[in-house]
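# Close look at the chain arrangement
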Amino acid sequence: MIADDSLLIRAVVQAALEAEGYQVMLAEDGRTALQQCQSRPPDVILLDIVMPGLDGYQVLAELKNDPALSHIPVVFLTGRTGMADVVAGLRAGAHDYLKKPFEPEELLARVGSALHVKQLQDHLRDRNAALDRISRTDALTGLYNRRHLNEVLALRYADARRHGDPFSVLLLDIDRFKRVNDTYGHPTGDLVLCEFARRLKHELRAGDIAGRWGGEEFLVILPRTGASGVLEVAERIRAATAATPIIAGEAHLTVTVSGGCCSGPGDSPEDLLRCVDTRLYQAKAGGRNLIVAADVKVGG
Ligand SMILES: [Mg+2]
């Protein structure tokens, strides 16, 4: 993008850039430049300093304030020759500057370098986003992992406390899972975990957050959900698991799941986790294929 109030400068710079194959957007003042950036962010901005309305420093400040635009490199185009102006621009976050009048070769070199930095930054940001996704995902089932569940639990719990909303947690554990691994081998065990994860996900409502808590344990966080709501979801998951055998090659495995649910907010997330753990234990002791919530038992 070329943002400059001089028609001549715009035309000269545009011609030089287009000759190199760049696509050019033009803005004749600071306000227009910002609007265009918001609707179609450019890769590099050549920004005049002295313009009517918003000057270049103000445009730069607005860009740096907007998380969606702050990473676009800005090259100041300035007719001012004082070093103070250049330093002020760089201090405010400009990538580079070019003094008018400038040679087209120098212009192209500086735009090329700004573009290179932008591409490296974009690449890094994409990679960071991908790594962040991976660090929160259970590799086997594709559900969230324990790390992410702990984070979400803390955040949603605090939210529920602040607003006085009901809040529930459900801990599920596949019954006699060790037997599956021992009898059919670990690949079959993995298949059972994946199929269970798929059925679990299918029974969730929008807003429920589920992940693999570890081994054959799965945790579901249910914001804005009270005792009857979590029990309903838990019972659906239990029933969907028991209803249809999981097919692994020749084997048709009837798999069941037990669960403990707890509704709060209670005193702390740890409190809720202790509570669901106890109830899950009660469900196991009560014969498995069972959901235990407070003193309510469903299924079996
Ligand atoms: Mg000007």
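Residues numbered from 1 in each chain as written. Predicted model: local features only at pLDDT ≥ 70, side-chain atom pairs only at ≥ 80, totals over all residues.

## Description of the overall build of the chain
Applied cut-off: Helix and strand definitions here come from DSSP, where helices need a minimum of 4 consecutive H or I residues and strands a minimum of 2 consecutive E residues; each element is numbered from the N-terminal end. Taken over C-alpha atoms, the radius of gyration is set against a globule rule of 2.2 Å times the number of residues to the power 0.38. Residues with at least 20 neighbouring C-beta atoms inside 10 Å of their own are called buried, those with 12 or fewer are called exposed, and the rest are partly exposed, where every C-beta is derived from the backbone.
A tally of helices and strands in the chain yields ten helices and 13 strands. Against the 2.2 N^0.38 benchmark of 19 Å for 300 residues, the chain shows a C-alpha radius of gyration of 29 Å, more extended than a compact globule. Counting only C-alpha atoms and orienting by the principal axes, one finds that the chain spans roughly 85 × 50 × 25 Å. Taken across its 300 residues, the chain has 34% of its residues classed as buried.

## Thoughts on helix H6 (residues 146–163)
Under the convention used in this document: A helix is expected to span 1.5 Å for every residue after the first. Residues are treated as contacting if the C-beta atoms built from their backbones sit within 7 Å of each other.
Compared with an ideal rise of 1.5 Å per residue, which puts 18 residues at 26 Å, H6 spans 25 Å between its outermost C-alpha atoms and is within 8% of the ideal. In this fold, the buried residues of H6 make contact with strand S6 (167–174), strand S7 (209–214), strand S8 (217–223) and helix H10 (269–285). Note on H6: the residue one or two positions beyond its end, Gly 164, has a positive phi of about 65°.

## Focus: the environment of Asp 96
The residue Asp 96 is located in strand S5 (residues 96–99) in this model. On the basis of neighbour counts, which here come to 19 C-beta atoms within 10 Å, the residue Asp 96 falls in the partly exposed class. Note: C-alpha distance between Asp 96 and Pro 73 (23 residues apart in sequence) is 8.2 Å. In this view, Asp 96 contacts Val 75, Arg 110 and Ala 114; residues no more than four positions away in its chain are not counted.

## Focus on the packing of helix H8 (residues 186–203) against helix H9 (residues 227–243)
Two packed helices can be described by the angle between their axes and the distance between those axes. The condition is simple: In this analysis an axis means a line fitted to C-alpha atoms, helices contributing only their contacting stretch, and an angle means the value between N-to-C directions, from 0 to 180 degrees. Any angle from 65 to 115 degrees is called roughly perpendicular, while one under 35 is roughly parallel, one over 145 is roughly antiparallel, and all others are oblique. Each crossing gets its hand from how the near helix is turned against the far one by less than a right angle, where anticlockwise is left-handed and clockwise is right-handed. Only Asp, Glu, Lys and Arg are considered charged in this grouping, and only Ala, Val, Leu, Ile, Met, Phe, Trp, Tyr, Cys and Pro are considered nonpolar; every other residue, Gly among them, is considered polar.
Following both chains from N to C, one finds H8 and H9 inclined at 140°, their axes separated by 9 Å at the closest point. Relative to H9, the element H8 lies oblique. Remark: the crossing between H8 and H9 carries right-handed chirality. Contacts between H8 and H9 involve Phe 196, Arg 199, Leu 200, His 202 and Glu 203 from the former and Val 233, Arg 236, Ile 237, Ala 240 and Thr 241 from the latter. Among the residues making up the contact of H8 with H9, the classes are represented as five nonpolar, two polar and three charged.

## Considerations on the environment of Glu 62
In this fold, Glu 62 is placed in helix H3 (residues 56–65). Assessed through the 18 C-beta atoms surrounding it within 10 Å, Glu 62 is described here as partly exposed. Put simply, Glu 62 and Arg 288 are 226 residues apart on the chain and 60 Å apart in space, counted from C-alpha to C-alpha.

## Let's talk about the nonpolar core
Stated formally: Joining buried Ala, Val, Leu, Ile, Met, Phe, Trp, Tyr and Cys residues through C-beta atoms within 7 Å gives a set, and that set is a nonpolar core.
By size, the foremost hydrophobic cluster in this structure holds 44 residues, and its most contacted members are Val 169, Leu 170, Cys 261 and Val 276. Here this core takes six residues from S6, the largest share from any one element. With near-sequence residues (within four places) excluded, Leu 170 lies in contact with Val 220, Leu 222, Val 230, Val 233, Ala 234, Gly 259, Cys 261 and Val 276. Counting 24 residues, the second largest nonpolar core, distinct from the first, contains Leu 46, Ile 72, Ala 94 and Val 111.

## Thoughts on the domain arrangement of the chain
The condition is simple: As annotated, the domain borders come from an automatic or database domain assignment.
Segmentation of the chain into domains returns domain 1 (2–134) and domain 2 (146–299). Here the C-alpha centre of domain 2 lies 52 Å away from the C-alpha centre of domain 1.

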